[in-house]
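Commentary on secondary and tertiary structure
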Amino acid sequence: MGIATDIILLIVAAFACGVLLQKLGQPLILGYIAAGFLLGPHSGGLTVSNTQDIELLSEIGVALLLFALGLEFSLKDLKPVKKIALIGAPIQMVLTILLGWSIGSAMGLSWTHSMWLGGLISLSSTMVILKTLMNQGWLGTLSSKVMVGILIVQDLAVVPLMIILPSMSDPGAGLAALGVAALKAAGFLLCMILLGTRLLPLLMAYIARLGSRELFLLAITAIGLGVGYVTHLVGLSFAFGAFVAGMVLSESDFGHQALGDIIPLRDLFGLLFFASVGMLLDPIFLVNHYKQVLLLFLVVGVGKGVIFAVLARLFRYGNVIPLAVGLGMFQIGEFSFVLAKVGLSTGSIDRELYSLVLTTAILTMALTPLISGQTARLYKLKKRWFDHEALDTHNIPRTGLHGHAVIAGGGKNGLQVAQALRNVGASSVVVEIDHRKLEAYRNEGFPVVYGDAMHDVVLDAAGISDARLLVVTTPDMVAAREIVVHARRANGSIEVLAKASDPGFLPVFEEIGVSGVVLPEFESGLEMVRQALLQYRVPVSEVQQQVESMRCEMFSPFLRSLEGYNTLRQLSGAERQFELHWVFLQEDSRLAGCSLRDADVRNRSGASVVAVLRGGEPITNPEASFRFEAGDHVAIIGTEQAHRGFLELAAVGESSDGS
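Summary of the structure given here. Computed from a predicted structure; not experimentally measured.

About the cut-offs
The numbering scheme is per chain: residues are counted from 1 as the chain's sequence reads. For a predicted model such as this one, the threshold for reporting local features is a pLDDT of at least 70, and the threshold for listing and counting side-chain atom pairs is 80 or more; totals across whole chains, interfaces and linings nevertheless cover every residue. The side-chain values count all of the structure's non-hydrogen atoms but skip hydrogen atoms and water molecules. Think of it this way: any DSSP run of H or I at least four residues long counts as a helix, any run of E at least two long counts as a strand, and we number them from the N terminus. Note on exposure labels: buried denotes an accessible area under 20% of the residue type's maximum, exposed denotes more than 50%, and partly exposed covers the range between, all computed with a 1.4 Å probe on protein chains only. Contact definition: two residues touch when any of their heavy atoms are within 4.5 Å. Values of accessible area rely on a 1.4 Å probe in the Shrake-Rupley scheme; residue burial ignores everything except the protein chains shown. Pairing of aromatic rings covers Phe, Tyr and Trp, the last through its six-membered ring, and needs centres within 6.5 Å; plane angles under 30 degrees mean stacked, over 60 mean edge-to-face, and all others mean tilted. In this scheme, Lys NZ or Arg CZ marks a charge over a ring once it lies within 6 Å of the ring centre and within 35 degrees of the ring normal. Put simply, a salt bridge is a Lys or Arg side-chain nitrogen that is within 4 Å of an Asp or Glu carboxyl oxygen. Under the rule applied, a polar contact is a pair of N or O atoms within 3.5 Å (in protein, one hydrogen donor and one hydrogen acceptor; residues adjacent in sequence only if both atoms are side-chain atoms). Pairs of strands are assigned from DSSP output, requiring at least two bridges between the strands. For helices, the axis comes from a line fit to the C-alpha atoms of the stretch in contact; other axes are also lines fit to C-alpha atoms, and the angle between any two N-to-C directions lies between 0 and 180 degrees. To sort the angles, those under 35 degrees are grouped as roughly parallel, those over 145 as roughly antiparallel, those from 65 to 115 as roughly perpendicular, and the leftovers as oblique. Handedness of a helix crossing follows the sense of rotation of the near helix relative to the far helix, less than a right angle counterclockwise being left-handed and clockwise being right-handed. Here the term charged refers only to Asp, Glu, Lys and Arg, the term nonpolar to Ala, Val, Leu, Ile, Met, Phe, Trp, Tyr, Cys and Pro, and the term polar to all other amino acids, Gly among them.

1. What to know about the overall build of the protein
Assigned secondary structure in the protein consists of 28 helices and 11 strands. Residue burial in the protein is summarised as follows: out of 659 residues, 48% are buried. Considering only residue pairs separated by 6 or more positions, the protein has 73% of its internal contacts joining residues 24 or more positions apart. Just so you have it, the protein exposes about 31,800 Å², and 61% of that area is on carbon and sulfur atoms.

2. Points about the packing of aromatic side chains
Here the structure, examined in full by the defined rule, presents 2 aromatic pairs. With a centroid separation of 5.9 Å and 65 degrees between ring planes, the pair formed by tyrosine 441 and phenylalanine 446 is classed as edge-to-face. A centroid spacing of 5.9 Å and a plane angle of 90 degrees characterise the contact between phenylalanine 626 and phenylalanine 628, whose relative ring orientation is edge-to-face. Considered together, phenylalanine 626 and phenylalanine 628 belong to a single accessibility category, that of buried residues. The ring of phenylalanine 446 is capped by arginine 422, whose NZ or CZ atom sits 3.9 Å from the centre of that ring.

3. Some thoughts on the pattern of salt bridges
Scanning the entire structure with this criterion turns up 5 salt bridges. Residue aspartate 267 pairs with arginine 266 through a salt bridge whose shortest N-O separation is 2.9 Å. In this structure aspartate 267 comes out as partly exposed when scored by relative accessible area, which is 38%. Given the relative accessible area of 16%, arginine 266 is considered buried. Across the pair arginine 614 and aspartate 632 runs a salt bridge whose closest N-O atoms are separated by 2.8 Å. With arginine 614 in strand E9 (residues 608-614) and aspartate 632 in the loop between strand E10 (617-620) and strand E11 (633-638), this pair connects stretches of sequence that are 18 residues apart. Taking relative accessible area as the criterion, arginine 614 reaches 23% and is therefore assigned partly exposed. When its relative accessible area of 1% is taken as the criterion, aspartate 632 is described as buried.

4. Here we look at helix H28 (residues 640-650)
One turn of an α-helix holds 3.6 residues; hence residues three or four places apart share an orientation. Summarising burial for H28: 8 of the 11 residues are buried, a large majority. Regarding H28, the residues found buried are Glu640, Ala642, His643, Gly645, Phe646, Leu647, Leu649 and Ala650.

5. Overview of the side chain of threonine 96
On the secondary structure map, threonine 96 appears in helix H4 (residues 82-106). With a relative accessible area of 0%, threonine 96 lands in the buried category. Here the side chain of threonine 96 touches glutamine 92 through a polar contact of 2.7 Å, landing on its backbone oxygen. Residues within four places of threonine 96 in sequence aside, it is in contact with Gly118, Ile121, Ser122, Lys304 and Ile307.

6. A look at the sheet that holds strand E5 (residues 469-472)
Pairing is mixed across the open sheet formed by 7 strands, whose spatial order is E1-E4-E3-E2-E5-E6-E7. Of all the strands in the sheet, the pair left with one neighbour each is strand E1 (393-394) and strand E7 (516-518). Pairing geometry for strand E2 (residues 405-408) and strand E3 (residues 428-432), over 4 bridges, is parallel. The residue of E3 that forms the bridge with isoleucine 407 is valine 430.

7. A few points about the pairing of E10
One ladder, built from 4 bridges, connects E9 with E10; its direction is antiparallel. Paired with arginine 614 across the two strands is glutamate 617, which belongs to E10. Hairpin connection, E9 to E10: the antiparallel pair is bridged by 2 residues, and glycine 615 has positive phi, about 60 degrees.

8. Here we look at the environment of glutamate 482
Mapped onto the elements of the fold, glutamate 482 is located in helix H21 (residues 477-490). The class of glutamate 482 is partly exposed, set by a relative accessible area of 32%. In this structure the C-alpha to C-alpha distance between glutamate 482 and methionine 454, which are 28 residues apart in sequence, comes to 5.7 Å.

9. Re the environment of leucine 123
Looking at where leucine 123 falls in the secondary structure, it is placed in the loop between helix H5 (111-121) and helix H6 (126-136). Residue classification places leucine 123 among the buried residues on the basis of a relative accessible area of 1%. Between the C-alpha atoms of leucine 123 and leucine 339, which are 216 residues apart in sequence, the distance is 9.9 Å. Filtering out sequence-adjacent residues up to four positions away, leucine 123 remains in contact with Met93, Gln154, Val158, Leu161, Lys304, Gln331, Ile332, Gly333, Phe335, Ser336 and Leu339.

10. As for the packing of helix H1 (residues 3-23) against helix H2 (residues 28-38)
Closest axis-to-axis distance for the H1/H2 pair is 7 Å, and the angle between their directions is 135 degrees. Classified by the interaxial angle, the pair formed by H1 and H2 is oblique. Read as a crossing pair, H1 and H2 show a hand that is right-handed. Along its contact with H1, which presents Leu10, Ala13, Ala14, Cys17, Gly18, Leu21 and Gln22, the element H2 presents Leu28, Leu30, Gly31, Tyr32, Ala34, Ala35, Gly36 and Leu38. Across the contact of H1 with H2, the residue classes break down as 11 nonpolar, 4 polar and no charged.

11. Re unusual backbone geometry
One non-glycine residue, arginine 316, lies in positive phi territory at about 65 degrees. Relative to the helices and strands, arginine 316 resides in the loop between helix H13 (290-314) and helix H14 (321-328). Positive phi outside glycine occurs at aspartate 600, with the angle close to 50 degrees. Within the secondary structure, aspartate 600 is located in the loop between helix H26 (596-599) and helix H27 (601-605). Using a relative accessible area of 30% as the deciding quantity, one classes aspartate 600 as partly exposed.

Rendered as structure tokens:
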């Protein structure tokens, strides 16, 4: 099968290695690299038949990585830490490039290879850092915001580095080549801004109107790769064009949908890219050059860590932030692999330098969780607990909140709950990890805490110990369970309302003490049942009874403990005893011409006449002498049995409820 067999082997191996590395707390990309190594030419085992074909396919992965990066890019993400991100990150990269140049010169490398070494080690790993921050519960602290802001600028810097570094490999070209490359890039950007911002939204709107999701996915893939190919034809980086296409498309109304659709494709081809990186990992090189690898690891780790820590301090970030940033961002990033592949394919660097950087990068990535995890211990020398670092909070009263609701997760559901509680005068605080949603809540005046509710420090900032209610809006069972367990540990009397994606999760929620559960799919199914029965003119009371019976059967373990819900059911049942019905009197109705007294409606049917609509004019509480006429709409209240009795009394062939 050729290339098809190779791809199948890589995907299966990547899955197995990914599961193993995930269990060990490592990022998935290390699993992909391990899969590539196991199936590569240096492992001595089962080997893919043609590594060159995989490397060619991996170029699509690079383009899609940068295309998705362009779709995700937003200046709003840099706003909280804009100074250190927009000014500090470029300074850090320049200083790290100089550090790499110094290391390369000391190792006897040429000046161009030394500059390449500096460029490769100047980038940190977005994937590894975000995974580490989430696992350690720091995502939401100010130090994590500083790291994320710097990472965004670093990722963007990959694009100009792809243009500048290959041009430096030709000493005869000098500044002229760099100037030409810069002019080409500027011209391309100008064309994309002028044409892309006008044509792409029109094209996407047309595709969206066709109503085919497959065609929409094909369109955004064609845009990302097609624009990248155009840039390749004019002498620029294929990946650079894909990034610009994503950045332009992100400003349209279809940016979020495009990103959501392209991510699975990006991840699949990204797997091939990182696997192709692993294929080039040579254990013999590591054995023969272990001193160089260890030396580069120590110098890069310490050097980058010091640069980050000093910059954080210079930009007036104190407490634990310089230490956290230095220990968290010392590694060499995944986009360094992208840059290194460009250098290898253009002949700018040799295989030995590539292997040296690759091996060192993998080592730094693997050790990041361990080294970053020492931040708290080291900070204890100055302050007792690192967890006291203030989280980013807004609109929380100085006196704190008491008896409030903690809403874990924003989005539409969280906003609806927060607004409803505000309308009845109850207080709430929203815990949100998405910065854009957090800004929306803050602007609406809702108390918000930026962070992951799965961690104690974030729930503490939301005042979980004094809260009355916890509302968990995430459908992720693992995350929801973690949040509830932490909340119960801090506040044993708190009531919990959670959302579940599957009925099979209900026993788990019951076990951990969740008070009420909402199943969105089940509730939408009940609404479809209700509307279907109404189409068959089933009485409203019977429809309601059936819907409530289905709900009670599903949620019986939870509803028994909800006194308020049972009271509402009882009131609803009592209300059905007095349900209002409208009955139309036809020409042959036996009530036509009869007075209310003569008809004796109350005694003969059990229904009570409360109003009559005649000629568009309402007659409320008619007197006993009132006479019915054909064409009247009579409003009665009573049970379903009383309703049927009135229909028989009036000899009406058809009736209309609520008409």
